[in-house]
Amino acid sequence: QVQLVESGGGLVQAGGSLRLSCAASGRTISNYVMAWFRQAPGAEREFVAAIRSTGESLYYADDVKGRFTISRDNAKNTVYLQMNSLKPEDTAVYYCAAGIAGLWALRNAPSYVYWGQGTQVTVSS
């Protein structure tokens, strides 16, 4: 079993930056695809970014590409999401997720078997 705990969320002005962290425990994440999803109030959970187990392949939603960067440090059992040039529409609860290495539908939430509780990101105008 893998426990995932997100941190780093908070309130930031538009144009600012935040770095989210996802700390894993219970099992190494080195063999997992890791991803970030977000969910705004009243909206469905949507894909943000994913990274393969080796960190070689990165995937992003179109609306965050060029602004967000996902990375991982397997030695620290931690995944990060660097968010730059934040916009009010980025406001959401951000969730960390882990899936079996090699999964093909990595933009789909049901592909992931472990989830954190989320961290709130609020971007003011």
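Analysis parameters
Residues numbered from 1 in each chain as written. Predicted model: local features only at pLDDT ≥ 70, side-chain atom pairs only at ≥ 80, totals over all residues. Heavy atoms only, no water. Helix = DSSP H or I, 4+ residues; strand = E, 2+ residues; numbered from the N terminus. Buried < 20%, exposed > 50% of the residue type's maximum accessible area, 1.4 Å probe, protein only. Disulfide = S-S within 2.5 Å. Phe/Tyr/Trp six-rings, centres within 6.5 Å; stacked < 30°, edge-to-face > 60°. Pairing = 2+ DSSP bridges. Axes fitted to C-alpha atoms, helices over the stretch in contact; angles between N-to-C directions. Salt bridge = Lys/Arg side-chain N within 4 Å of Asp/Glu carboxyl O.

A. Region of the structure containing the overall build of the protein. Counting secondary structure elements, the protein contains zero helices and 11 strands. Counting from the amino terminus, helix and strand elements in the protein follow one another as β-β-β-β-β-β-β-β-β-β-β. The dimensions of the protein, computed from C-alpha atoms along their principal axes, are 40 × 25 × 25 Å. The buried share of the protein, taken over its 125 residues, is 46%.

B. Quick peek at unusual backbone geometry. Positioned with a positive phi, Asn77 is a non-glycine residue whose angle comes to about 55°. The residue Asn77 is located in the loop between strand S7 (68–73) and strand S8 (78–83) in this model. A positive phi angle, near 50°, is found at Ser85, a position not held by glycine. Looking at the element boundaries, Ser85 is found in the loop between S8 and strand S9 (92–100). According to the relative accessible area criterion, Ser85 is partly exposed, its value standing at 41%.

C. Representation of the state of the cysteines. Evaluated as defined, the whole model comprises one disulfide. Disulfide pairing places Cys22 opposite Cys96 at an S-S distance of 2.0 Å. Note on the Cys22 and Cys96 pair: the S-S dihedral is about -80°, so by sign convention the disulfide is left-handed. With Cys22 in strand S3 (residues 18–25) and Cys96 in strand S9, this pair connects stretches of sequence that are 74 residues apart. Across the pair, exposure class does not vary: Cys22 and Cys96 are buried alike.

D. View of the packing of aromatic side chains. Enumeration over the complete set of coordinates arrives at five aromatic pairs. Each ring, one from Phe37 and one from Trp115, has its centre 5.1 Å from the other, and the planes form 55°; the classification is tilted. Pair noted here: Phe37 is in strand S4 (residues 32–39) and Trp115 is in strand S10 (residues 114–115), with a separation of 78 residues, a long-range link. Of the residues examined, Phe37 reaches a relative accessible area of 1% and is grouped as buried.

E. Representation of the sheet that holds S7 in the model. Taken together, the four strands give an open sheet; going across it, the order is S1-S3-S8-S7, and neighbouring strands pair in antiparallel fashion. One side of each edge strand has no neighbouring strand; the edge strands of this open sheet are strand S1 (3–7) and S7. Taken over all neighbouring pairs, the strand axes of this sheet differ in orientation by 15° on average, direction set aside. Here S1 pairs with S3 via five bridges, running antiparallel. Considered in S3, the bridge of Gln3 is made with Ser25.

F. Just the pattern of salt bridges, in detail. The tally for this structure, following the rule as stated, stands at five salt bridges. A salt bridge links Asp90 to Arg67; the shortest N-O distance between them is 2.7 Å. Pair noted here: Asp90 is in the loop between S8 and S9 and Arg67 is in the loop between strand S6 (58–60) and S7, with a separation of 23 residues, a long-range link. For the pair Asp90 and Arg67, a shared accessibility class is recorded, and that class is buried. Here the salt bridges share partners, and the residues they tie into one network are Arg38, Glu46, Asp63, Arg67 and Asp90.

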